[in-house]
Amino acid sequence: MSVFFVLILPLISIITLCLNNNRNVIRYLPILISTLSLGIIFQFVFKNQLISESTFDSLYVNFYSLLPIFDVNMSFKIDRISVLLLFLSQITIITAFFSTLKIASNGQSLDESYTRLKQINIWISFISIGICGLIISSNLFVFFLFYEVAAVPIFLMISTWGYNLKREVSGPFQKILKHFNVGTREYGSYKITIYLFVASILIFFGLAILGISAGSFEIMNISNLDSYKINSNLVFWLLLIGFGTHSALWPFHTWAPDGHGTAPTAGSIIFAGILMKIGVIGFIKILIPLMNEITLDYSNLIITLASINIVYGAFTALRQDDLKYVAAYASLSHIGYIFLALMTNNKTGIDGAIFQIISHGLIICLLFFTVGVIYRIKGTRLISELNSMLDSSPILSSFFIFSAFASIGFPLTSGFVSEFMIINGIYKSFEPTNLGILLICIPTLGILLTTVYMFRAVKDCFITLANKIQQIIDMDKDEIIICFVLCFFILFIGLFPSIIQDILNESYKGLVMK
Amino acid sequence: MGNLIHNLLPEILIIISSFLVLFNSLFNTKKIKEVNIYISSAGIILALTFLFMQAGTISFMNNSLINSEYTKSIKILILISSFISLCFINFGKNELINKFSGEYTFLILISITGSLLLVSAREFFTLIISLELLSIPIYLITAMGGNPKVAIEGATKLFFFGTVSTVLIIFSAVLYFAGTGTTLINFSELDSTDLISMLSLFFFFLSICFKSGLIPMHFWLSDTYQSAPSNLLPYLSTVPKIAVISMLIGLINYNSFFESFSSMKNIIFIFSACSIIYGSILTLKQNNLFRLLAYSGIPHAGMMVIFSIINIELSYSFIFIYFCFYIFSNLALYMTLSFITNNQYSFLADNLKGLYKDSPYISIILIVSILSLAGVPLTAGFWGKFNLIILTYASYGAFYTSFILIGAAIGFYYYLRIIKLILSDKNINSLNKIDISIQNKILLGFCILIIIIIGLNPNLISYLI
């Protein structure tokens, strides 16, 4: 039961922050609370002996009934996958809190910057509640409810605390686009909001139809029903577009780079780390288990879109000058691996998908965090303006280079394990066909391109020598701590992947389509 | 006779208290405002107690009025919301109120009586009289607005168009009488093939459209909201709308109406769908805060009218939740707005910039009420829209539901825009310092509390009815 405190603990920090103006409380209380939640999750893992024991099935709690007619309850379920996702979400939230610590040095008076810090921490706490609730929800309605709780603060966070970028507008729609102030934070926040709310309405509509036609909103009750009742084309398309938009699946991806570019560092971290995974969580929790047959029918479509994601994201990242855009397109490319792996339909592939979710979350957190620090120190994120960072800030550079290697999939990092498992899974399920050979080529090409754009960034920003000697400015202590924690987890998963596999155990069975 | 008094006791009590208020303000010289508060609250609270004692379905006065569980719950809501808005008006430090407290309170109490009668009315004369009782005080108070020139313009518009709508409903009554030979309303008695009866229904519905601010009779809303004294808005935006729409819902479900007039379903739905979509689009471009919020009321009215074409046995508690959410969110919204705008009829939405920094309490209340109106989860507004969407899908399918969804989506845009303005940094025209009396703070806190409680568990509300 105690694991449900992850939903309530952020409320404590929200209320305390509203009432308190002590600077240390504003800075460190949210971090403390999230660390406590992380501790609760670890305690849950060890108490139920999730590692190397197979006794734990899942923990289901129904708190109270909301709408008895339609079987809408405030119910939650914790299974093996959601434990891992909870872990990832807490790590992401903690990193986001750490990234806000230095917000004070943004050229404003001290009081103002603390008010900003206070507000941004409150929004992140709300997002934390939303994400955790979404991960452990066991009712279609609760799923949507917490989804919205997570989505609203994003808009406010970006529109009020984002960055204004200078972007050149060109092309046939130049005149129209100029009207929209492309590159400003208003543009970014409205773009994100419009995309995400349209997605949210599609998801809502899909879930409502699913719930009403099945006669129940409880996920467990629906999964016991005969499949003909819920396998409707309309619901599938609504959910595919909704979740796809949220995970930046190919034709619906354009909000992601702009959103990342204009968002504050904390926003980018939360986005890439966990919010872009909401769509994937939707696939894992709803689309694949409940609408099994129809998802299998359309699996070729999803595979195609995911492949386009991988290649397109990587190719676009090659051309970017802004480090944040590079990271954004990189995460776009890596999301494609997850979708590809979910469609492989065997244990290795699906385990690989979960691995990739977690590993990509950790790596992209580190990447965005270091980019944020670069922006704080140098005042720019453009590759063309940065050079010889390895001399002027060695620790920061080493962390960035580490994250670049991890996202390439260097052995001993978590990236290697997940990419290896995904390729393995694809080989197992599609091997005898021509399609299989083609599909193996795509992730490999993705890895190759990742190497190119990451090395380009590393070479141009860190290794190229400047003409004059620069002052040494480096990360602060607390920044080093969080980077170190992230590196530790990345290496730990890379070195001992069997631990995660033990936690996952047999849970792939729910995701295999018949 | 005893039975009649027992059934009409709440209305009678409020009428008595309204005249006591009038006499008090005529003959009393000291502390008029305070005594008015006591009299009016005592009247409303007594009326509420007697309302709670009523039980069962009773028709009286030759079946021209009806008391049922449905009317009882709606009346409770109306009384609570008018209690809050009356207290709010009298607790304020507005000069206008200090001068005209007696007239204000008297007129609003009369209007409340009208709305209570309207909910029960099942006969054309009673209905018309109670509609007039509801509207005429509002015409008068609108003319008392802060800027005389604008106020007179708004009040005149409202008066002229209100009169036209009354004429429409009288015409509808005449046609109805011609068709059936009685003035007791039972629409299913009408001959569905007859032109006269269709015209009667049509004019009736057009008049309802006017009173509740549906498209195509919405044009008075913006001018009236802009010119009326801003502390009337909590009352104006909730009680008349709720009374009229709940009357429509009660009338239509009271008779097994749609068996003979199934085409009316589509007609009502077209009216409300147009209100939802077109009203949302109209709201997008507004910059004057009053006009923006006035227009944003149109989609809500459209959504409430949809309840009238859904089977009442299924939707009974859902209607109540929607009304509850609408009343409390609007009360909190307009009460705070009246503090902020301070009767400036040309208050722009951009002037809200930086409000959070100056007065956090007010802006938190404003934000929660706006989130509730937008329908964000964990507030009451979410349940209102969620229930409506589920019911519409269950009875009419995906196509009809999509209109509500599109309206809700556009609604998110303009509501979130206000919140963004409140939280943003820039503060060019700084607002005056806002000081609120402690009583008003409590009223505001109460509204917000109810919004959040319903948002967390909507079942709690079913204990009330």
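This text goes with the structure placed above it.
Throughout what follows, the structure given in this document is the object of discussion. Not measured: the values here are computed from a predicted model.

1. Focus on the overall build of chain B
Then comes step 1: Within chain B, the secondary structure is distributed over 17 helices and two strands.
Then comes step 2: For 465 residues, the compact-globule estimate of 2.2 N^0.38 gives 23 Å, and chain B sits close to it at 21 Å.
Then comes step 3: The principal-axis extent of the C-alpha atoms belonging to chain B is close to 65 × 55 × 45 Å.
Then comes step 4: By residue count, 64% of the 465 residues in chain B fall in the buried class.

2. Observations concerning the overall build of chain A
Then comes step 1: The helix and strand tally for chain A stands at 22 helices and two strands.
Then comes step 2: In summary, chain A has a C-alpha radius of gyration of 22 Å against a globular reference of 24 Å for 514 residues, a match within 12%.
Then comes step 3: Its C-alpha atoms put chain A at 70 × 60 × 55 Å along the principal axes.

3. Remarks on the packing of aromatic side chains
Then comes step 1: For the structure shown, the criterion picks out 54 aromatic pairs over all chains.
Then comes step 2: Note on Tyr-225 of chain B and Tyr-334 of chain B: the rings are 6.0 Å apart at their centroids and 70 degrees apart in plane angle, and the pair reads as edge-to-face. In this pair, Tyr-225 of chain B sits in helix H8 (residues 220–227) while Tyr-334 of chain B sits in helix H12 (residues 312–341), placing the two residues 109 residues apart along the sequence. Taken individually, Tyr-225 of chain B and Tyr-334 of chain B each receive the classification buried, so the pair is uniform in this respect.
Then comes step 3: Every member of this aromatic cluster is reached through a ring pair, and the members are Phe-141, Phe-144, Tyr-147, Phe-204 and Phe-217 of chain A together with Phe-382, Trp-383 and Phe-386 of chain B.
Then comes step 4: Positioned above the aromatic ring of Tyr-375 of chain A, the side-chain terminus of Arg-381 of chain A is 5.2 Å from the ring centre.

4. Topic: the state of the cysteines
Simply put, disulfide is the name for a covalent bond between the sulfur atoms of two cysteines.
All names here are of chain A.
Then comes step 1: What the rule picks out here adds up to zero disulfides over all chains.
Then comes step 2: Free of any disulfide, Cys-18 has its nearest neighbouring cysteine sulfur in Cys-132, separated by 19 Å.
Then comes step 3: Assessed through its relative accessible area of 43%, Cys-18 is described here as partly exposed.

5. Notes on the pattern of salt bridges
Pairing is possible between side chains of opposite charge, provided their charged atoms come close.
Then comes step 1: Inspection of the entire model under this criterion finds eight salt bridges over all chains.
Then comes step 2: Asp-322 of chain A is the partner of Arg-381 of chain A in a salt bridge, and the nearest nitrogen-oxygen pair spans 3.1 Å. One end of the pair, Arg-381 of chain A, is in the loop between helix H16 (347–378) and helix H17 (389–392); the other, Asp-322 of chain A, is in the loop between helix H14 (299–319) and helix H15 (323–342), with 59 residues separating them in the sequence.
Then comes step 3: You can call Arg-381 of chain A buried: its relative accessible area is 4%.
Then comes step 4: Put simply, Arg-376 of chain A and Glu-479 of chain A hold a salt bridge, and the shortest N to O gap is 3.0 Å. Pair noted here: Arg-376 of chain A is in helix H16 and Glu-479 of chain A is in helix H21 (residues 477–495), with a separation of 103 residues, a long-range link.
Then comes step 5: Among the residues examined, Glu-479 of chain A registers a relative accessible area of 4% and is labelled buried.
Then comes step 6: Beyond isolated ion pairs, a larger network of salt bridges with shared partners links Glu-153, Lys-157, Asp-223 and Arg-291 of chain B.

6. A few points about the nonpolar core
Then comes step 1: Within the largest apolar cluster, 362 residues are counted, with the highest numbers of intra-cluster contacts made by Phe-141 and Phe-283 of chain A together with Ile-112, Leu-127 and Phe-204 of chain B.
Then comes step 2: Here the element with the most residues in this core is H12 of chain B; it accounts for 19 residues.
Then comes step 3: Apart from the residues within four sequence positions on either side, Phe-283 of chain A is in contact with Leu-240, Phe-243, Ile-288, Pro-289, Ile-302, Phe-339, Leu-342 and Met-343 of chain A.

7. Digging into the side chain of Asn-24 of chain B
Then comes step 1: Relative to the helices and strands, Asn-24 of chain B resides in helix H1 (residues 2–27).
Then comes step 2: Those residues within four positions of Asn-24 of chain B in sequence are excluded, and the remaining contacts are Ile-32, Val-35, Asn-36 and Ile-39 of chain B.

8. Notes on the interface of chain B and chain A
Then comes step 1: Listed by partner, the interface residues are 32 residues for chain B and 33 residues for chain A.
Then comes step 2: Between chain B and chain A, a total of about 3,200 Å² is buried, with carbon and sulfur atoms accounting for 81% of that surface.
Then comes step 3: Our count for the chain B to chain A interface comes out at zero salt bridges.
Then comes step 4: Here chain B and chain A share one residue pair in polar contact (both at pLDDT 80 or more) between them.
Then comes step 5: Those elements that provide at least two residues to the side of chain B that touches chain A are helix H13 (355–358), helix H15 (380–396) and helix H16 (398–423) of chain B.
Then comes step 6: By residue number, the principal contributor to the side of chain B that touches chain A is H16 of chain B, which donates twelve residues.

9. Re the environment of Ile-80 of chain B
Residue and element names in this part refer to chain B.
Then comes step 1: Examined against the element boundaries, Ile-80 turns out to sit in helix H3 (residues 69–91).
Then comes step 2: Taking C-alpha positions, Ile-80 is 18 Å from Ser-68, a pair spaced twelve residues apart along the chain.
Then comes step 3: In this structure Ile-80 touches Leu-48 and Phe-328, once residues within four positions along its chain are discounted.

10. Notes on the packing of H16 of chain A against helix H18 (residues 394–408) of chain A
Geometry of a packed helix pair, given as the angle between the helix axes and the separation of the axes.
Residue and element names in this part refer to chain A.
Then comes step 1: Running from N to C, H16 and H18 cross one another at 150 degrees; their axes reach a closest spacing of 9 Å. By the angle class used here, H16 and H18 are roughly antiparallel. Regarding H16 and H18, the two cross each other, and that crossing is left-handed. Residues Ile-363, Leu-366, Leu-367, Thr-370, Val-371, Val-373, Ile-374 and Ile-377 of H16 pack against Leu-396, Phe-399, Phe-400, Phe-402, Ser-403, Ala-404, Ala-406 and Ser-407 of H18.

11. What about the environment of Lys-353 of chain B?
Residues and elements named next belong to chain B.
Then comes step 1: As for its placement among the helices and strands, Lys-353 is situated in the loop between H12 and H13.
Then comes step 2: When its relative accessible area of 21% is taken as the criterion, Lys-353 is described as partly exposed.
Then comes step 3: Through-space distance from the C-alpha of Lys-353 to that of Asp-191 is 57 Å; in sequence the pair is 162 residues apart.

12. Some thoughts on H21 of chain A
Residues and elements named next belong to chain A.
Then comes step 1: For H21, built from 19 residues, the straight-helix expectation of 27 Å at 1.5 Å per residue is met to within 8% by its first-to-last C-alpha distance of 26 Å.
Then comes step 2: All of the buried residues along H21 are Asp-478, Glu-479, Ile-482, Cys-483, Leu-486, Cys-487, Phe-489, Ile-490, Ile-493 and Gly-494.
Then comes step 3: Packing partners of the buried residues in H21 comprise helix H2 (23–47), helix H3 (80–100), H16, H18, helix H19 (414–430) and helix H22 (497–504).

13. Some details on the pairing of strand E2 (residues 72–78) of chain A
Residue and element names in this part refer to chain A.
Then comes step 1: Extensive coverage of E2 is indicated by the burial of six of its seven residues.
Then comes step 2: Alignment of strand E1 (residues 59–67) against E2, held across six bridges, turns out to be antiparallel. By the bridge assignment for E2, Leu-59 is matched with Ile-78.
Then comes step 3: Between E1 and E2, which pair antiparallel and follow one another directly, the connecting turn spans four residues, one of which, Asp-71, has a positive phi of 60 degrees.

14. Quick look at the packing of H8 of chain B against helix H11 (residues 289–306) of chain B
All names here are of chain B.
Then comes step 1: One can describe the packing of H8 onto H11 by two numbers: an axis separation of 8 Å at closest approach and a directional angle of 140 degrees. The pairing of H8 with H11 is recorded here as oblique in orientation. Note that H8 runs across H11; the crossing there is right-handed. Packed against H8, whose contacting residues are Leu-221, Ser-222, Asp-223, Tyr-225 and Gln-226, the element H11 presents Phe-290, Arg-291, Ala-294, Tyr-295 and Ile-298 at the interface.
Then comes step 2: Classifying every residue of the contact of H8 with H11 by side-chain character gives six nonpolar, two polar and two charged.

Definitions and cut-offs
- Residues numbered from 1 in each chain as written.
- Chains lettered and ligands numbered in written order.
- Predicted model: local features only at pLDDT ≥ 70, side-chain atom pairs only at ≥ 80, totals over all residues.
- Heavy atoms only, no water.
- Helix = DSSP H or I, 4+ residues; strand = E, 2+ residues; numbered from the N terminus.
- Rg over C-alpha atoms; globule rule 2.2 N^0.38 Å.
- Buried < 20%, exposed > 50% of the residue type's maximum accessible area, 1.4 Å probe, protein only.
- Phe/Tyr/Trp six-rings, centres within 6.5 Å; stacked < 30°, edge-to-face > 60°.
- Lys NZ or Arg CZ within 6 Å of the ring centre and 35° of its normal.
- Disulfide = S-S within 2.5 Å.
- Salt bridge = Lys/Arg side-chain N within 4 Å of Asp/Glu carboxyl O.
- Core = buried A, V, L, I, M, F, W, Y, C linked by side-chain atoms within 4.5 Å.
- Contact = heavy atoms within 4.5 Å.
- Buried area = accessible area lost by both parts, 1.4 Å probe.
- Polar contact = N/O pair within 3.5 Å; in protein donor to acceptor, adjacent residues only side chain to side chain.
- Axes fitted to C-alpha atoms, helices over the stretch in contact; angles between N-to-C directions.
- Parallel < 35°, antiparallel > 145°, perpendicular 65-115°, else oblique.
- Left-handed = near helix turned anticlockwise from the far one by under 90°.
- Expected span 1.5 Å × (residues − 1).
- Pairing = 2+ DSSP bridges.
- Nonpolar A, V, L, I, M, F, W, Y, C, P; charged D, E, K, R; others polar.

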